[in-house]
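Chain by chain, the residues:
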Amino acid sequence: MTSSSSPSQDTRRLAQDYPEGLRADALMEEDVAWSHEIDGERDGDQFDRSERAALRRVAGLSTELEDVTEVEYRQLRLERVVLVGVWTTGTVQDADNSLAELAALAETAGALVLDGVIQRRDKPDAATYIGSGKALELRDIVVESGADTVICDGELSPGQLIQLEDVVKVKVIDRTALILDIFAQHAKSREGKAQVALAQMQYMLPRLRGWGQSLSRQMGGGSGGGLATRGPGETKIETDRRRIREKMAKMRREIAEMKTGRDIKRQERKRHKVPSVAIAGYTNAGKSSLLNRLTGAGVLVENALFATLDPTVRRAETPSGRLYTLADTVGFVRHLPHHLVEAFRSTMEEVGDADLILHVVDGSHPVPEEQLAAVREVIRDVGATDVPEVVVINKADAADPVVLQRLLRNEKRSIAVSARTGQGIEGLLALIDDELPRPSVEIEALVPYTHGKLVARAHNEGEVLSEEHTAEGTLLKVRVHEELAAELTPYVPAPAA
């Protein structure tokens, strides 16, 4: 608290009231007796020396929430985003659908979408993606809505990111960075995490930025450098780039080692002539739900984009008793970043090496044909165009009947199912049985009971047409591949005379 009298006045009064020998003691006293003459003019309460030196808490400034639910809400506060798209081709509906998909991606990543805008241009602006004038308008929208992030519906160059951030004054990310963030959240297996990390580093490498001149590129010393250019040589941003390249090389080696294990399992299945079926399709089309319905795999099912990234392979059986494997693959999306296609190539090889592709499409989507085109583009990228394809129109219970009929009419080999209710699943199993490649050799053999392994292999690797147990052995009529047919040939019964 402040005093109404000066320190020099207090000293003179103490000199008058106390003898000379007691003045020092009186000055050192923490509690001096209150005097009306000295203290009466002071305003407010007085503090002793320890209280004056102590830190004093000012009431009413703390913003800490006391209620537990409010505290939890604050910790889980979502990022507030504004979406921006550039409409170059197609109709207005196409542009709206693309931005709606970007909003679904943002919500999956854990953001709260506040607003979305689209600009009609022949091509994105080379500097700020949407042009300098529209960037200023976007800045006003960001300020008005209170957003802290802008998400662009496209892949931006490093220069576009920097210049757009300079205008809107908040963080700017593009569609590629958003998808990479979702993949990083959902990757669970060691291989999946390594693939996502590799894709992220490929994306980050050309976009590293330095803070100030100390991190910018500088010339090293030398006769050709000229005056005032003999800097320290390699700077921090260049060191970061070198370290990222080293990590990328390490990640590629690790993924190659994991790919070896996957290839061995795949070769083992081929050696045993077990047909394989790959489930491919747009993200959130219901691939994992279909896998669970067909095999009871128990894979995570969630109404979210890219809910499952790690491929799952399960063994299944056709209605006729033929064994085959069913593989669930990563979901696809329009404009899937090429970093992800490259990083997940080892996983997507399940599609290229399959004997049949179940192309799952969301029948309840407004434009399912766009999903079909996007997935087929990625299938071409991984070299699986020669694999037979069956279009499985999922969510038939929630789809528009007109859309279903249009898809069934346009896609020659297609079937409508519902993984949730089980509608059409029996027909799909029969279709898989018909479409899977059949063994090339039909043979009838009387296998002695001492060679039961051949009978088991005939069941596992071929198609048993008939089986009869006789006194001499098991009489089999089967369709098998050439190698097993050669082993069964010695037991072919001699023709009757």
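Definitions and cut-offs
Residues take numbers from 1 onward in each chain, read along the sequence in its written order. At least 70 in pLDDT is required for a residue's local features to be given in this predicted model, at least 80 for side-chain atom pairs to be given and counted, and no such filter applies to totals for whole chains, interfaces and linings, which use all residues. Side-chain descriptors were evaluated using all non-hydrogen atoms of the structure, hydrogens and water having been removed beforehand. What counts as a helix is a DSSP run of H or I of at least four residues, what counts as a strand is a run of E of at least two, and both are numbered from the N terminus. Relative accessible area decides the class of each residue, using a 1.4 Å probe on protein chains only: under 20% of the type maximum gives buried, over 50% gives exposed, and in between gives partly exposed. Any two residues having at least one pair of non-hydrogen atoms within 4.5 Å are treated as being in contact. For every accessible area listed, the method is Shrake-Rupley and the probe measures 1.4 Å; residues are considered covered only by the protein chains on display. Take the buried residues of types Ala, Val, Leu, Ile, Met, Phe, Trp, Tyr and Cys, join any two whose side-chain atoms come within 4.5 Å, and each joined set is a nonpolar core. Only residues whose relative accessible area exceeds 30% and that take part in no salt bridge are eligible for patches, with like-charged residues grouped when within 9 Å of each other and nonpolar side chains (Val, Leu, Ile, Met, Phe, Trp, Tyr) grouped when within 5 Å. By definition, a salt bridge exists where a carboxyl oxygen of Asp or Glu is found within 4 Å of a side-chain nitrogen of Lys or Arg. Charge counting treats Lys and Arg as positive and Asp and Glu as negative, with His and both chain ends excluded. In this description, the location of a charge corresponds to atom NZ of lysine, CZ of arginine, CG of aspartate or CD of glutamate. One bridge is not enough; two strands pair if DSSP finds at least two bridges between them. All axes here are fitted lines through C-alpha atoms, helices being fitted over the stretch that makes contact, and every angle between N-to-C directions spans 0 to 180 degrees. Take the number of residues in a helix, subtract one, and multiply by 1.5 Å to get its expected span. By definition, the arc is the one covered by directions from the helix axis to the C-beta atoms.

### Comments concerning the overall build of the protein
- Of regular secondary structure, the protein possesses 19 helices and 13 strands.
- In the protein, which comprises 497 residues, the proportion classed as buried is 41%.
- At a minimum sequence separation of 6, the contacts of the protein that also span at least 24 residues come to 67%.
- Summed over all atoms, the accessible surface of the protein reaches about 27800 Å², with 52% contributed by carbon and sulfur.

### Observations concerning the environment of Arg-413
- Here Arg-413 lies in the loop between α16 (401-410) and β10 (414-416).
- Look at Arg-413 and you get partly exposed, because its relative accessible area is 36%.
- Counting along the chain gives 25 residues from Arg-413 to Pro-388, while the straight-line C-alpha distance between them is 9.6 Å.
- Once you skip the residues sitting within four places of it in the chain, Arg-413 turns out to touch Pro-388, Glu-389, Val-390, Val-391 and Glu-435.

### Thoughts on the nonpolar core
- Among the nonpolar cores identified, the biggest contains 77 residues, and Phe-332, Leu-358, Val-392 and Leu-428 are the most heavily contacted of them.
- Beyond its immediate stretch of four places on either side in the chain, Leu-428 contacts Leu-290, Leu-294, Leu-358, Val-392, Ile-415 and Val-417.
- With twelve residues, the next largest nonpolar core counts Val-478, Val-480, Leu-484 and Ala-485 among its residues.

### Here we look at a positive patch on the surface
- On the surface, a cluster of positive charge is contributed by Arg-243, Lys-247, Lys-250 and Arg-253.
- Tracing the backbone shows Lys-247 in helix α11 (residues 236-271).

### A closer look at the sheet that holds strand β2 (residues 111-120)
- Across the sheet, which stays open at both edges, the four strands sit in the order β2-β1-β3-β4 with parallel pairing between neighbours. Both outer strands of the open sheet, β2 and β4 (171-174), are each paired with one neighbouring strand and no more. On average, adjacent strands in this sheet sit at an angle of 25° to one another, irrespective of strand direction.
- The strands that helix α9 (residues 175-186) touches are β3 (149-152) and β4; relative to β4, the one it contacts most, it runs at about 85°.

### Considering helix α7 (residues 132-145)
- The terminal C-alpha atoms of α7 lie 20 Å apart, and with 14 residues this matches the ideal 20 Å at 1.5 Å per residue to within 8%.
- For α7, the set of buried residues is Ala-135, Leu-138 and Val-142. The arc that holds every buried residue of α7, seen down its axis, measures 55°, which confines them to one face. Along α7, the residues that are exposed and aim more than 90 degrees away from the buried face are Leu-136, Asp-140, Val-143 and Glu-144.
- Elements that come into contact with the buried residues of α7 comprise β1 (79-87), β2, β3 and α8 (158-168).

### Re helix α6 (residues 92-109)
- In this model α6 runs 26 Å from its N-terminal to its C-terminal C-alpha over 18 residues, within 8% of the 26 Å that 1.5 Å per residue would give.
- Residues of α6 that are buried include every one of Ala-95, Asn-97, Ser-98, Leu-99, Glu-101, Leu-102, Ala-103, Leu-105, Ala-106, Thr-108 and Ala-109, and no others.
- Where α6 is buried, its residues touch β1, β2, β3 and α9.
- Gly-110 lies just past α6 and shows a positive phi near 100°.

### Notes on the pairing of strand β6 (residues 312-317)
- Across six bridges, the pairing between β6 and strand β7 (residues 323-328) is antiparallel. Residue Glu-317 lies in a different strand from β7, and its bridge partner there is Leu-323.
- With antiparallel pairing between neighbouring strands as the criterion, β6 and β7 make up a hairpin whose turn holds five residues, including Gly-321 at a positive phi of roughly 95°.

### A closer look at the side chain of Asn-97
- Relative to the assigned elements, Asn-97 resides in helix α6.
- Assessed through its relative accessible area of 11%, Asn-97 is described here as buried.
- When residues no more than four places from it in sequence are discounted, the contact partners of Asn-97 are Arg-334 and Val-367.

### A short note on the pairing of β4
- Only one face of β4 is buried: it carries Val-172 and Asp-174, and the other face, with Lys-171 and Ile-173, is open.
- Pairing of β3 with β4, which is carried by four bridges, proceeds in the parallel orientation. Note that in β4 the partner of Val-150 across the bridge is Val-172.

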